[in-house]
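Analysis of the macromolecular model
Residues per chain, in single letters:
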Amino acid sequence: MSQAPQVSIIMGSQSDLPVMSKAAEFLDGMGIDYEITIVSAHRTPERMVTFAKAARGRGVKVIIAGAGGAAHLPGMVASLTTLPVIGVPVKSSNSIDGWDSILSILQMPNGVPVATVALDGAKNAGILAAEILGTANDNIADQLADFKKKQTEKVMESVAQLARQKDNE
Ligand code: RP5
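Overview of the structure. None of the values given here were measured: they were computed from a predicted structure.

Formed by 27 residues in total, the largest nonpolar core has its most connected members in Val7, Ile9, Met20, Ile32, Ile64 and Val88. If one sorts the elements of this core by residue count, helix 1 (residues 17–30) sits on top with seven residues. Filtering out sequence-adjacent residues up to four positions away, Ile32 remains in contact with Val7, Leu27, Ala130, Leu133 and Ile140. Among the nonpolar cores identified, the runner-up in size contains 20 residues, and Ala55, Ala65, Val77 and Leu83 belong to it.

What follows concerns the site of the ligand. Near the ligand, the surroundings consist of Gly12, Ser13, Ser15, Asp16, Arg43, Ala67, Gly68, Ser92 and Asn94. Take Ser13: an N or O atom from its side chain is 2.7 Å from an oxygen atom of the ligand. Measuring from an oxygen atom of the ligand, one finds a backbone N or O atom of Gly68 at 3.0 Å. Protein contact buries 78% of the 360 Å² of open area that the ligand shows by itself. In the shell around the ligand, the residues fall into one nonpolar, six polar and two charged.

Quick look at the side chain of Ser101 now. For Ser101, the position within the fold is in helix 4 (residues 99–106). The exposure class assigned to Ser101 is buried, which follows from its relative accessible area of 0%. Ignoring anything within four residues of it in the chain, the contact list for Ser101 reads Ala67, Gly68, Gly69, Ala71, Pro89 and Val90.

To continue, consider the packing of helix 1 against helix 5 (residues 122–134). Packing of helix 1 against helix 5 brings their axes to within 7 Å, and their N-to-C directions diverge by 40°. It follows that helix 1 is oblique to helix 5 by the angle criterion. Seen from above, helix 1 lies across helix 5 with right-handed handedness. Across the interface between the two elements, Val19, Met20, Lys22, Ala23, Phe26, Leu27 and Met30 of helix 1 pack against Ala122, Lys123, Gly126, Ile127 and Ala130 of helix 5. For the contact of helix 1 with helix 5, the class distribution of residues is nine nonpolar, one polar and two charged.

Counted at 1.5 Å a residue, the expected span for helix 5 with its 13 residues is 18 Å, and the 18 Å between its end C-alpha atoms agrees. When helix 5 is considered as a whole, its buried residues turn out to be Ala122, Ala125, Gly126, Ile127, Ala129, Ala130, Leu133 and Gly134.

A few words on the pairing of strand 2 (residues 34–38). As defined by bridge partners, strand 1 (residues 7–11) adjoins strand 2 across five bridges and the pair is classed as parallel. The residue of strand 2 that forms the bridge with Val7 is Tyr34. Assessed by its sense of winding, the connection that carries the chain from strand 1 through helix 1 to strand 2 is right-handed.

About the cut-offs
- Residues numbered from 1 in each chain as written.
- Predicted model: local features only at pLDDT ≥ 70, side-chain atom pairs only at ≥ 80, totals over all residues.
- Heavy atoms only, no water.
- Core = buried A, V, L, I, M, F, W, Y, C linked by side-chain atoms within 4.5 Å.
- Buried < 20%, exposed > 50% of the residue type's maximum accessible area, 1.4 Å probe, protein only.
- Helix = DSSP H or I, 4+ residues; strand = E, 2+ residues; numbered from the N terminus.
- Contact = heavy atoms within 4.5 Å.
- Near = heavy atom within 4 Å.
- Polar contact = N/O pair within 3.5 Å; in protein donor to acceptor, adjacent residues only side chain to side chain.
- Areas by Shrake-Rupley, 256 points an atom, 1.4 Å probe, with all protein chains shown as cover.
- Nonpolar A, V, L, I, M, F, W, Y, C, P; charged D, E, K, R; others polar.
- Axes fitted to C-alpha atoms, helices over the stretch in contact; angles between N-to-C directions.
- Parallel < 35°, antiparallel > 145°, perpendicular 65-115°, else oblique.
- Left-handed = near helix turned anticlockwise from the far one by under 90°.
- Expected span 1.5 Å × (residues − 1).
- Pairing = 2+ DSSP bridges.
- Right-handed = clockwise from strand over helix to strand, strands pointing away.

The values are spatial; any link to function lies outside them.
This is the structure in structure tokens:
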């Protein structure tokens, strides 16, 4: 595989894309370059091993891995690399209620962590990836500070709006 951007977004199936694209959208907004592709733990196991073993050497710094149902991709990739892996449990068509995917990604054995976000929480995976890169990049850290300031302001606008509404009752 060729030289890569710092973030690699992988998912078990094309059907995960609507969820996983939320991570990509956040990174786009921050101007952080990423690659995005499908790597299936069960259906392309050799591609998964090749990907995970080569990722660090290609320049990847953080892997975001999403999967649904019996979601083995994030954990197996984490077992094959020293890069941080952020896991996104996806509520997929083969998922009973999402818990299967959450627990498959969350309940890793000691020694092989996966930083698991909420069900379908790919946006938070994008934010967390940016925060990891931001530890060594002031520009990214500044953008994250701005993002957090704006979302605080948005909530405070809602607080004020609700108070005005109440006053007018
Ligand atoms: C998982 O099975 C994939 O990550 C996806 O969430 C789920 C269903 O895959 P498809 O049957 O839609 O390809 O491995």
